[in-house]
Amino acid sequence: MKRKRLFIIAIIFFLIVTATYYWEGKLGLFSLPTFIILVIVYFGLFITFIKQIYLATKENPISKHRVFMIGLLAVILALTFYKPFGIIDFSKFEGADLLVAEREGSANSNTTLKLKEDFTFKERDINFGINEIKGNYHLQNDTIYFDNVNIGRSGNGFYKFAIIKPSIFSNDKIVADLIMFKELTDTTGRLLWITKNQLDKLKAKKQGR
């Protein structure tokens, strides 16, 4: 029974880590405690792995079930250590990133905005938790408009449009500045640093809302 329970815990842990891409942005402030729990489980599995090896040295012959669990735990622990956010990059299945803009804030906060080739966007905000905002966008002249926005757990709304301007910063990684506005009367906006801009590829596509 203990071996079966250990097997189930190990498999569930690995599946949760593998699917991190899909759930981390939906938990908001709960993402941090969830990561802490996963770290605790990881070290628990590591201790169990060492214990299984120790018990195996006491057996003659070694139980096949113990050899299986040692192998399973070794694979799960190694893959999780190498790829702590999952071995599959699911973002690659959502299409290419045409524009990537980001900004680092205080207390290790970070915002990343990605515009996809299928006219969808995703903003990932890390600030005492992880929140994702998704939606569509369309281009009109030199302005990016955001449509059908799903603000997730933030509840703070999102920006109506954004414009691209030459960067005011001297940095080889920054190709331009993205200034996002909530309303036409918004004169300040929010500045993100564009690190990739291939929106010209959309000129050959039919744009729609």
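Residue indices begin from 1 for each chain and proceed along its sequence in written order. Two thresholds apply to this predicted model, a pLDDT of at least 70 for residue-level local features and 80 or more for giving and counting side-chain atom pairs, whereas whole-chain, interface and lining totals are computed over all residues. Values shown for side chains rest on all heavy atoms present in the structure; no hydrogens or waters enter the calculation.

Engineer: Teacher, can you tell me more about the nonpolar core here?
Structural biologist: Nonpolar side chains tend to gather and get buried jointly when the protein is soluble and globular. Note on terminology: a nonpolar core comprises buried Ala, Val, Leu, Ile, Met, Phe, Trp, Tyr and Cys residues joined through side-chain atoms within 4.5 Å. Only protein chains enter the accessibility calculation, which uses a 1.4 Å probe; a residue whose area is less than 20% of its type maximum is buried, one above 50% is exposed, and one in between is partly exposed. Among the nonpolar cores identified, the biggest contains 22 residues, and Leu 115, Tyr 137, Ile 144, Phe 146, Leu 178, Met 180 and Leu 199 are the most heavily contacted of them. Breaking this core down by element, the ones donating at least two residues are β1 (97-104), β2 (110-116), β4 (130-140), β5 (143-150), β7 (176-181) and β8 (190-197). Should any heavy atoms of two residues lie within 4.5 Å, those residues are considered in contact. Excluding its chain neighbours within four sequence positions, the residues that come into contact with Met 180 are Leu 113, Glu 123, Phe 146, Phe 158, Tyr 159, Phe 161, Ala 162, Asp 186, Gly 189, Arg 190 and Leu 192. By size, the runner-up hydrophobic cluster in this structure holds 19 residues, among which are Leu 6, Leu 38, Ala 56 and Ile 76. Helix and strand definitions here come from DSSP, where helices need a minimum of 4 consecutive H or I residues and strands a minimum of 2 consecutive E residues; each element is numbered from the N-terminal end.

Engineer: Please explain the sheet that holds β2 as it appears in this structure.
Structural biologist: Within a sheet, adjacent strands bond to each other through the backbone by hydrogen bonds, running parallel or antiparallel. The strand order β1-β2-β3-β4-β5-β6-β7-β8 describes a closed barrel built from eight strands, whose pairing is antiparallel. Mean inter-strand twist for the sheet, computed between neighbouring axes without regard to direction, equals 30°. We treat two strands as partners when DSSP finds at least two bridges between them. As paired strands, β5 and strand β6 (residues 161-165) are joined by three bridges and run antiparallel to one another. Bridge pairing in β6 links Thr 143 to Ile 163. For helices, the fitted line uses only the C-alpha atoms of the stretch in contact; every axis is such a line through C-alpha atoms, and the angle between N-to-C directions lies from 0 to 180 degrees.

Engineer: Just to check I follow, could you spell out the pattern of salt bridges for this structure?
Structural biologist: A side chain with one charge can pair with a side chain of the opposite charge if their charged atoms come near. When a carboxyl oxygen of Asp or Glu lies within 4 Å of a side-chain nitrogen of Lys or Arg, that pair is called a salt bridge. Applying the stated criterion to the full structure yields four salt bridges. One salt bridge in this structure joins Asp 97 and Lys 114, with 3.8 Å as the shortest N-O distance. In this pair, Asp 97 is assigned in strand β1 and Lys 114 in strand β2, connecting sequence segments 17 residues apart. According to the relative accessible area criterion, Asp 97 is buried, its value standing at 17%. Lys 116 is the salt-bridge partner of Asp 97, the closest N and O atoms lying 2.6 Å from each other. You can see Asp 97 sitting in strand β1 and its partner Lys 116 sitting in strand β2, a full 19 residues away along the chain. What emerges from the salt-bridge pattern is a single network uniting Asp 97, Lys 114 and Lys 116.

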